[in-house]
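Descriptive analysis of the structure
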Amino acid sequence: MSVANEQAISASKVAIIGAGVSGLAAAKELSHHKPVIFEASDAIGGVWRHCSYASTKLQSQRRDYEFSDFPWPSNRDNSDFPSHFEILDYLESYAEHFCVLNNIRFNSKVVEIRFVGEQLLNGHHDHGTPLLPGYPVWQLAVHTNSSNTIQWYSFEFVVICIGKYGDVPYIPVFDANKGPEVFKGKVLHTIDYCKLDHDSANQILKGKKVTVVGFKKSAIDLAMECAEANQGPEVQPCTMVVRTLHWPVPHYWIWGLPFFLFYSTRASQFLHQRPNQSLLRSLLCLLLSPMRRGISKFIESYILWKLPLEKYGLKPEHPFEEDYASCQMAIMPENFFSEVEKGKIVFKKSSKKWWFWSGGIEFEDNTKVEADVVVMATGYDGKKKLKSILPETFRSLLEYPSGLMPLYRGTIHPLVPNMAFMGYVESISNLHTSEMRSIWLSGLLDEKFKLPSVEKMLSETLKEIEVMKRSTRFYKRHCISTYSINHDDELCKDMGWGSWRKKNWISEAFSAYTSEDYAKKD
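Summarised in this report is the structure supplied together with it. Throughout, residues of each chain are indexed from 1 in the direction in which the sequence is written. For this predicted model, a pLDDT threshold of at least 70 governs which residues receive local features, and a threshold of 80 or more governs which side-chain atom pairs are given and counted, while totals over whole chains, interfaces and linings are taken from all residues. To obtain the side-chain values, all non-hydrogen atoms of the structure were used and water was disregarded.

Let's talk about the overall build of the chain
Here a strand is any run of E in DSSP of at least two residues, a helix any run of H or I of at least four, and the numbering for each starts at the N terminus. On a plain count of helices and strands, the chain comes out with 17 helices and 21 strands. Its C-alpha atoms give the chain a radius of gyration of 24 Å, within 12% of the compact-globule value 24 Å for 522 residues. The classification of residues rests on relative accessible area computed with a 1.4 Å probe and restricted to protein chains. Under 20% of the type maximum is buried, over 50% is exposed, and intermediate values are partly exposed. Relative to its 522 residues, the chain shows a buried fraction of 55%. The criterion used for residue contact is that any of the two residues' heavy atoms lie within 4.5 Å. Contacts spanning at least 24 positions in sequence make up 72% of the contacts within the chain whose residues lie at least 6 apart. Accessibility throughout is a Shrake-Rupley quantity obtained with a 1.4 Å probe, and a residue counts as covered only by protein chains that appear here. Counting only carbon and sulfur atoms, one obtains 52% of the accessible surface of the chain, whose full area is about 23100 Å². Counted as positive: Lys and Arg. Counted as negative: Asp and Glu. His and the chain ends are not counted at all. Taken as the charge centre is NZ of Lys, CZ of Arg, CG of Asp or CD of Glu, depending on the residue. Averaging the positions of the 60 positive and the 60 negative side-chain charges in the chain gives two centres separated by 4 Å. Atoms counted for the radius of gyration: C-alpha only. Globule rule: 2.2 Å times residue count to the power 0.38.

Structure, rendered in structure tokens:
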């Protein structure tokens, strides 16, 4: 593959890598900088386009998943969950409405990023150094599908929006002669299954002994598709290998109360720890901890009443609030346990290692599961994807010093100059947080406010990570769901907005915060 000389793209100073939800939000909010968006595929949508099954649906209602200045054009108040096709239509309408598509270079994959801003290293993010300094800081190597040439482009600022999911599957490491190569059937990862059309997917599942490794949302949806493809008395059940249990939720009502009351209001989030809280507030959190645990138990009692988790040995040992605090709450498909009752889905619990044998998979307790097809719903390696394009100098800094990316305001890495990262800190509504951070980033690049010192940014990110560690054993997912309103408050204060967005104090305390509350830019 040949390498072409460096090129300039009109007057663009800003590059955005990826045209998923985060990339589209960043492209719209930074449109006055005329950014160039490099998208590796031929369409927008990110994981909604490339990592979705035919049955994949949003985990929330439409009005809880929309941009602040672009409501759903129809069925906004419909109580059902939109399909991924409807979400793609919504994202395409958003991109067309705000003329984002004009700046996207499709089939253009960034394969390498090179740092050329050495003069910044003595004081990057310093108060006197603008983030658009007037000279190149980063060079991007871009490969297009229509060419064998690698083209280099220079930019002053780069926004990484490739996300943690998709592209690079996480595959467990197996001992010699215990990996997929010894298995006589077919092995897929969910990313491979996503690429199949309906007929091809049905052909793989129908009449086969299918084993799904995993028990998160993608695994549950896949097991449902397997059960639906194998109706009738003679077909084989789908076996789910369950390693780590999590609390599923049947819907967004708990004993007749709307779910948002428990975690999505300012009053409910007051019960949870947040970064940079005062000593008095820390004491209040400690005093109110029995109430917080009581809410978790209250929700667990409803889930156990509604879903037969205990009957099938699927009740987690950890409290519900730990799953919520790590953004692992999943809505259970309505007919899932109906298929379980019919014997179409069975479970194999295993907290230990597993490996392949010629006829299926085997476990440390010497039990075996026969299979024709094994689908690994084992997640994705987002860190590997990101590290594959960053310069070696910065790869080692990505997770320094805590093992997680220290992202100030969920966006800026204090040790990586002139670069923003979108989609690496999660919340219950990733679309909303991506939009808020994009608005914040626009203000930052326009010099409406300044970043604090590197030391202060690192200190604040470490405090945030410590809160996550105290809130859940699954803290490495980097989720802010229990203090998302406080996170938005900090963004608002930086931008000079009022942080309290409701019309009166009752609404401020007890109604859910959504994108609508940020539609009016202060």
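Side note on the packing of helix α1 (residues 21-29) against helix α14 (residues 430-445)
The axes are straight lines fitted to the C-alpha atoms, using for helices just the contacting stretch, and the angles between their N-to-C directions are given from 0 to 180°. Interaxial distance between α1 and α14 falls to 8 Å at its minimum, and their mutual angle equals 30°. Taken as axis vectors, α1 and α14 run roughly parallel relative to one another. The chirality of how α1 crosses α14 is right-handed. Counting all contacts with α1, which are made through Val21, Ser22, Ala25, Ala26 and Glu29, the residues of α14 involved are Leu431, Ser434, Glu435, Ser438, Ile439 and Ser442. For this classification, Asp, Glu, Lys and Arg are treated as charged, while Ala, Val, Leu, Ile, Met, Phe, Trp, Tyr, Cys and Pro are nonpolar and the rest, including Gly, are polar. A class-by-class count of the residues in the contact of α1 with α14 yields 5 nonpolar, 4 polar and 2 charged. What sets the label is the angle itself: under 35 degrees gives roughly parallel, over 145 gives roughly antiparallel, 65 to 115 gives roughly perpendicular, and the rest give oblique. Crossing handedness is read from the near helix: turned anticlockwise from the far helix by less than a right angle, it gives a left-handed crossing, and turned clockwise, a right-handed one.

Comments concerning the pairing of strand β10 (residues 210-213)
Burial along β10 is two-sided: the face carrying Val210 and Val212 and the face carrying Thr211 and Val213 are both buried. Viewed with both strands pointing away, a crossover whose connecting path from the first strand over the helix to the second turns clockwise is right-handed. Following the backbone out of β10, through helix α6 (residues 217-229) and into the adjacent parallel strand β11 (residues 238-242), one traces a crossover that is right-handed. Two strands qualify as a pair provided that DSSP identifies no fewer than 2 bridges between them. As defined by bridge partners, β10 adjoins strand β20 (residues 373-376) across 4 bridges and the pair is classed as parallel. Opposite Val213, over in β20, you have Met376 as the bridge partner.

Comments concerning the packing of aromatic side chains
To pair, rings of Phe, Tyr and Trp, with the six-membered ring standing in for Trp, must have centres within 6.5 Å; the planes then decide the type, stacked if under 30 degrees apart, edge-to-face if over 60, and tilted in the middle. The final tally for this structure, using the stated rule, is 39 aromatic pairs. Relative to Tyr94, the ring of Phe67 has its centre 3.7 Å away and its plane inclined at 15°; by these criteria the two rings are stacked. Of this pair, Phe67 sits in the loop between α2 (47-50) and α3 (84-97) while Tyr94 sits in helix α3, and the two are 27 residues apart along the sequence. Tyr94 carries the same exposure label as Phe67, and that label is buried. Put simply, the rings of Phe81, Tyr252, Phe259, Phe262, Tyr263, Phe298, Phe320 and Tyr324 pair up and form one aromatic cluster. Put simply, a charge is over a ring when the Lys NZ or the Arg CZ is close to the ring centre, within 6 Å, and near the line of the ring normal, within 35 degrees. Above the plane of the ring of Trp355 lies Lys178, whose end atom (NZ or CZ) is 4.4 Å from the centre. The cationic tip of Arg281 hangs over the ring face of Phe270; the distance from NZ or CZ to the ring centre is 4.6 Å.

Re the nonpolar core
Core analysis: the biggest nonpolar cluster contains 51 residues, and Phe157, Val159, Ile412, Trp440 and Leu441 have the highest contact counts within it. Put simply, the parts of the chain that give this core at least two residues each are β2 (14-17), α1, α3, β8 (157-160), α14 and α16 (484-495). Take this core: its biggest share by element is 7 residues, from α14. The residues touching Phe157, leaving out its near neighbours within four places in the chain, are Lys13, Val14, Ala15, Leu131, Leu132, Ile412, Asn418, Met419, Ala420, Leu441 and Leu445. Here, nonpolar core means buried Ala, Val, Leu, Ile, Met, Phe, Trp, Tyr and Cys residues that are tied together by side-chain atoms lying within 4.5 Å of each other. Membership of the second largest hydrophobic core comes to 50 residues, among which are Phe215, Phe259, Ile303 and Ala377.

Structural notes on the environment of Trp72
Tracing the backbone through its elements, the reader meets Trp72 in the loop between α2 and α3. Note: C-alpha distance between Trp72 and Trp305 (233 residues apart in sequence) is 34 Å. Among residues more than four places away in sequence, those in contact with Trp72 are Arg62, Tyr65, Glu66, Pro82, Glu86, Ile87 and Tyr90. Side-chain atoms alone can form a polar contact between residues adjacent in sequence; in general such a contact is a pair of N or O atoms within 3.5 Å, and within protein one must be able to donate a hydrogen while the other accepts it. Side-chain polar atoms of Trp72 contact the backbone oxygen of Arg62, separated by 3.0 Å. At 2.8 Å, the side chain of Trp72 forms a polar contact with the backbone oxygen of Tyr65.

Concerning the pattern of salt bridges
Whenever Lys or Arg places a side-chain nitrogen within 4 Å of a carboxyl oxygen from Asp or Glu, that contact is recorded as a salt bridge. Counted by the stated rule, this structure contains 29 salt bridges. Two residues, Arg63 and Glu516, come together in a salt bridge whose shortest N-O distance is 2.9 Å. On the criterion of sequence distance, the pair formed by Arg63 in the loop between α2 and α3 and Glu516 in the segment after α17 (505-510) is long-range, its members being 453 residues apart. Owing to a relative accessible area of 39%, Glu516 belongs among the partly exposed residues under this scheme.

Examining the sheet that holds β10
Spatially, 5 strands are ordered β9-β20-β10-β11-β16 in an open sheet, and the strand pairing comes out parallel. Each edge of the sheet is formed by a strand with only one pairing partner; in this case those strands are β9 (186-189) and β16 (345-349). Direction aside, neighbouring strands of the sheet carry axes that sit 20° apart on average. Where β9 lies against β20, 4 bridges are found, and the strand directions are parallel. Along β20, the bridge assignment pairs Lys186 with Val373.

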